[in-house]
Amino acid sequence: MSAVALDLEATLRGRRDAGAKTLVPYLTGGLFAGADGDWTDVLRSVASAGADAVEVGIPFSDPVMDGPVIQQASELALASGATPPGILDELAGVDAGVPLAVMTYVNLVYRFGYERFAATARRCGVAAAIVPDLPLEESEPWCAAADGAGIQTVMLAAPTAPDERLERIVARARGFVYAVGLMGVTGERAALADSATVIASRLKAITDVPVLVGVGISSPEQAVEVCEVADGVVVGTALVRRVLETRSPEAAGELIGSFRDALDRG
Amino acid sequence: MPPVTEPVSASGEPVMGEPDPTGRFGDHGGRFVPESLMPALIELDAAFRDAWADPAFRSELDELLRSYAGRPSPLTDCHRLSEEVGCRVLLKREDLNHTGSHKINNVLGQALLARRMGKTRLVAETGAGQHGVATATAAALLGMDCLVYMGEVDMARQQLNVFRMRLLGAEVTPATSGSRTLKDAVNEAMRDWVATVESSHYCLGSVMGPHPYPWMVREFHRVIGVEAAAQCDDLLGGPPDVVVACVGGGSNAAGIFSGFAEVPGVELVGVEPAGGAAIGGGVPGIVHGMHSYLKQDEFGQVLEAESISAGLDYPGVGPEHSHLADVGRARYEPVTDDEVVDAFVLLSRTEGIIPALESAHALAWVSRARAELAGRTVLINLSGRGDKDVAQMMDVLADRL
């Protein structure tokens, strides 16, 4: 199958220009597929609940950047047969109406072949890619392939990076800059880390590319708080936990709707 | 006559020298880690270079290796075993080090380095528990906090080492995801480090992971090769014909190979478990921060290794070994669990030395390749002692003893 990719960065810039904060939910691809339902229903549900784009995880056997909830989701998806080409192919038929980004670990992309992965993703309607174990120093071969295929590579920026490093990261970022909100793996936290606001403002000071904060954004209140500085948020674990607990596209949509409402109220 | 191996690379650099500025040995290595860890790896690289060039650091480490770890470890000329297998076998006795394996060399180096960097906590992964015990030991010696991640499966088969680590004051946390063995313990240690990098040092236990670990850990183990080369000179008047070591991540092999890699004609043989043969059965991949040979499926999902020995139960291998295989300077051979069990008994019966199951892999290959090795001199790195494996082997050997 094939589908037309929407432009992630243009969409997020457009939302920002319109005065809105952007909301990008993360969903583990292939979670509860087949007999348990269709995971792409969850994708469509969160898209229609007000997501500005959706980040789809392609599950990997050894996800070192992920906490227990997304690890569990990855294991379940793999056990039910999720594969990179299978998930890309399903994305081609989703028609969510918002730009799609894939998030996965470098070995799956490397094994697929950088150029072949980028071309296949593009053909399946994917706008962007996030590869969390591909830091700036190792990113060039992938970025060249992605640029060539029209896939925007989202770069991560961590609180530990010195200023000169952040400059180089934002120069390479396409789609948005993923500001890592805290030192740690993905997961919910009781309160917004101070580091989230600090990294967002450091990035906002040096780039025009949209700055979205992810990792540790667990509640609509925390999203609103960090968006006093940031252009938007990525919400991952909270959504994946909701899917694991309910297996319900509607419940997933309700959760994302609550983030949408809070961000729109400001 | 065995083929004479070219001792240096085409560029004239030493065979086991520094990696390139991107942390690569040929095509392998690199730094494939979350962005959060990059500043720490850059800092660690600089700190290691600085310490390694500092005579005060080197002499403090040498003194600890001598007065605390018991170095130099002896070289044992194995008369009865040699008669049995038909070639002269020498053992480099890393099993006689404090804590019972070669692991202490690396750990003392990293712990001193961590203290020099102002870190107060050591995080480590362990498979069989030898690296965990060594790390817990160094933490106790230097008054540091220590947390060791260990696969749940490995905790069950290595209960003695779990108790030793706790006795030494370390916390031991089970890795409960995936295969619940060494690879998952590495994942957990990396996740911990992502969250604690400012106060913690990740004391990685093998020549694997992101740069600078493969290089730094090999340098801390180079002492094995340097000592063995001098001991062989004394005993034989020159190097042995063949140097053999087991390879999981590959730290003991890297240590002893480094003493002979530049000597023409010395064959280097790494022995992998058949169920976890990254070089013998894998293809290039990227996991745990490095590009190297990796057992993986067609999509790049990492396969679970299966080995009788928890310390070699790992689907990847250190990047320098992948490079040594690519350029033909070392070769890598698989042995089966059954061959390992036979070797475990063989060394116990012929020399009165109970080897670690990991080290028994090296001997298992020598025993199998005895026809090829006839009349030659073979140096085996006996990387650890087998006390930790005795409980497990009581079941395995129940019908034989």
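As the structure is a prediction and not an experimental result, all values here were calculated from the model. (Residues numbered from 1 in each chain as written. Chains lettered and ligands numbered in written order. Predicted model: local features only at pLDDT ≥ 70, side-chain atom pairs only at ≥ 80, totals over all residues. Heavy atoms only, no water.)

A. Region of the structure containing the overall build of chain B. A count of helical and extended segments in chain B gives 16 helices and 14 strands. Rg of the C-alpha trace for chain B: 19 Å, near the compact-globule value of 21 Å for 401 residues, within the 12% margin. Principal-axis analysis of the C-alpha atoms places the extent of chain B at approximately 55 × 55 × 50 Å. Put simply, chain B has 401 residues, and 65% of those count as buried. Pairs at least 24 residues apart make up 75% of the contacts formed inside chain B by residues separated by at least 6 positions. Accessible area for chain B stands at about 13,400 Å²; split by element, carbon and sulfur atoms hold 52% of it. For chain B, the distance from the average position of its 33 positive side-chain charges to the average position of its 54 negative side-chain charges is 3 Å. (Helix = DSSP H or I, 4+ residues; strand = E, 2+ residues; numbered from the N terminus. Rg over C-alpha atoms; globule rule 2.2 N^0.38 Å. Buried < 20%, exposed > 50% of the residue type's maximum accessible area, 1.4 Å probe, protein only. Contact = heavy atoms within 4.5 Å. Areas by Shrake-Rupley, 256 points an atom, 1.4 Å probe, with all protein chains shown as cover. Lys, Arg positive; Asp, Glu negative; His and termini not counted. Charge placed at Lys NZ, Arg CZ, Asp CG, Glu CD.)

B. Quick look at the interface of chain A and chain B. Taken together, the contact pairs 39 residues of chain A with 39 residues of chain B. It is Val64(A), Arg111(A) and Glu138(A) that lose the most area in chain A upon contact with chain B, and together they represent 21% of the buried surface on that side. Seen at the junction of chain A and chain B, the total is three salt bridges. Counting every contact that joins chain A to chain B gives 18 residue pairs in polar contact (both at pLDDT 80 or more). Going through the elements one at a time, α3 (68–79), α4 (84–92), α5 (106–112), β5 (152–157) and α8 (163–172) of chain A are the ones with two or more residues in the side of chain A that touches chain B. Tallied by class, the residues present in the side of chain A that touches chain B amount to 25 nonpolar, six polar and eight charged. (Buried area = accessible area lost by both parts, 1.4 Å probe. Salt bridge = Lys/Arg side-chain N within 4 Å of Asp/Glu carboxyl O. Polar contact = N/O pair within 3.5 Å; in protein donor to acceptor, adjacent residues only side chain to side chain. Nonpolar A, V, L, I, M, F, W, Y, C, P; charged D, E, K, R; others polar.)

C. Structural context of the confidence of the model for chain B. Residue and element names in this part refer to chain B. In this model, chain B carries an average pLDDT of 95, and 97% of its residues clear a pLDDT of 70 or more. Scored below 50 in pLDDT, residues 1–7 makes 13 contacts in the model with residues more than four places away or belonging to other chains. Confidence metrics for the complex model read pTM 0.96 and ipTM 0.96. (pLDDT = per-residue confidence, 0-100.)

D. View of helix α4 (residues 103–116) of chain B. All names here are of chain B. Over its 14 residues, α4 extends 20 Å from the first C-alpha to the last, a length consistent with the 20 Å expected when each residue adds 1.5 Å. Judged by how many residues are buried, α4 sits mostly within the fold: twelve of 14 residues are covered. Looking only at α4, the buried set comprises Lys103, Ile104, Asn105, Asn106, Val107, Leu108, Gly109, Gln110, Ala111, Leu112, Leu113 and Ala114. Of the residues flanking the end of α4, it is Gly118, one or two places downstream, whose phi is positive at about 85 degrees. (Expected span 1.5 Å × (residues − 1).)

E. Here's a closer look at the pattern of salt bridges. Taken as a whole and assessed by the stated rule, the structure comprises 48 salt bridges over all chains. A salt bridge links Glu188(A) to Arg241(A); the nearest nitrogen and oxygen atoms lie 2.6 Å apart. Note that Glu188(A) is positioned in the loop between β6 (177–180) and α9 (194–204) and Arg241(A) in helix α11 (residues 237–246), a separation of 53 residues in sequence. Measuring nitrogen to oxygen at the nearest pair gives 3.0 Å for the salt bridge that ties Arg49(B) to Asp45(B). Here Arg49(B) and its partner Asp45(B) are both found in helix α1 (residues 38–52), four residues apart, which amounts to about one turn of the helix. A single network of salt bridges, built from pairs that share partners, joins Glu9(A), Arg13(A), Arg16(A), Lys204(A), Asp208(A) and Asp231(A).

F. Spatial organisation of the sheet that holds strand β6 (residues 145–151) of chain B. All names here are of chain B. Spatial ordering of the open sheet is given by β7-β6-β5-β8, a layout of four strands whose pairing is parallel. Of all the strands in the sheet, just β7 (171–175) and β8 (200–202) have a single pairing partner and so form its edges. The sheet shows a mean angle of 25 degrees between the axes of neighbouring strands, taken without regard to direction. By the bridge criterion, five bridges tie β6 to β7 in an arrangement that is parallel. (Pairing = 2+ DSSP bridges. Axes fitted to C-alpha atoms, helices over the stretch in contact; angles between N-to-C directions.)

G. A look at the environment of Glu372(B). Residues and elements named next belong to chain B. Structurally, Glu372 can be placed in helix α15 (residues 370–373). Residue class for Glu372 comes out partly exposed when judged on its relative accessible area of 39%. Residues Glu372 and Cys232, spaced 140 residues apart in sequence, show a C-alpha to C-alpha distance of 21 Å. Sequence-distant contacts of Glu372, defined by excluding residues within four places in its chain, comprise Glu267, Arg331 and Trp365. Polar side-chain contacts of Glu372 include one of 2.4 Å to the side chain of Arg331.

H. Molecular detail of the packing of aromatic side chains. Taken as a whole and assessed by the stated rule, the structure comprises 13 aromatic pairs over all chains. Taking the centre distance of 5.5 Å and the plane angle of 75 degrees together, the rings of Phe48(B) and Phe220(B) count as edge-to-face. One end of the pair, Phe48(B), is in helix α1; the other, Phe220(B), is in helix α9 (residues 213–236), with 172 residues separating them in the sequence. Three or more aromatic residues joined by ring pairs make a cluster, and in this case those are Tyr110(A), Phe112(A), Tyr114(A), Phe117(A) and Trp142(A). When the ring centre of Trp52(B) is taken as origin, the NZ or CZ atom of Arg58(B), which lies over that ring, is 3.7 Å away. (Phe/Tyr/Trp six-rings, centres within 6.5 Å; stacked < 30°, edge-to-face > 60°. Lys NZ or Arg CZ within 6 Å of the ring centre and 35° of its normal.)

I. Spatial organisation of the side chain of Gln301(B). Within the element layout of this structure, Gln301(B) appears in the loop between β12 (289–294) and α12 (319–327). Among residues more than four places away in sequence, those in contact with Gln301(B) are Pro59(A), Phe60(A), Ser61(A), Leu78(A), Leu108(A), Lys295(B) and Gln296(B).

J. Representation of the nonpolar core in the model. Judged by nonpolar contacts, the single largest core of 201 residues is most densely connected at Leu43(A), Leu88(A), Leu91(A), Trp142(A) and Phe257(B). The residues contacting Leu88(A), other than those within four sequence positions of it, are Ile58(A), Val102(A), Phe112(A), Phe117(A), Thr120(A), Ala121(A), Cys124(A) and Val126(A). One finds Val89(B), Ala360(B), Val378(B) and Leu397(B) within the second-largest nonpolar core, a separate group that totals 34 residues. (Core = buried A, V, L, I, M, F, W, Y, C linked by side-chain atoms within 4.5 Å.)

K. The arrangement of the layout of surface pockets in detail. All names here are of chain B. Counted as a void, the second largest pocket has a volume near 260 Å³. If you trace the second largest pocket, you find 14 residues lining it, with Trp52, Arg58, Asp62, Leu65 and Val223 closest to the centre. Looking at the lining of the second largest pocket, the elements with two or more residues in it are α2 (55–67) and α9. The dominant element in the lining of the second largest pocket, judged by the number of residues it contributes, is α9, at six residues. Class assignment for the residues of the lining of the second largest pocket results in seven nonpolar, no polar and seven charged. (1 Å grid on protein atoms, 1.4 Å probe; cavity = no way out; pocket = protein on both sides within 12 Å on 5 of 7 lines; lining within 4 Å. Points joined across faces, edges and corners; volume = space filled by probe spheres on them.)

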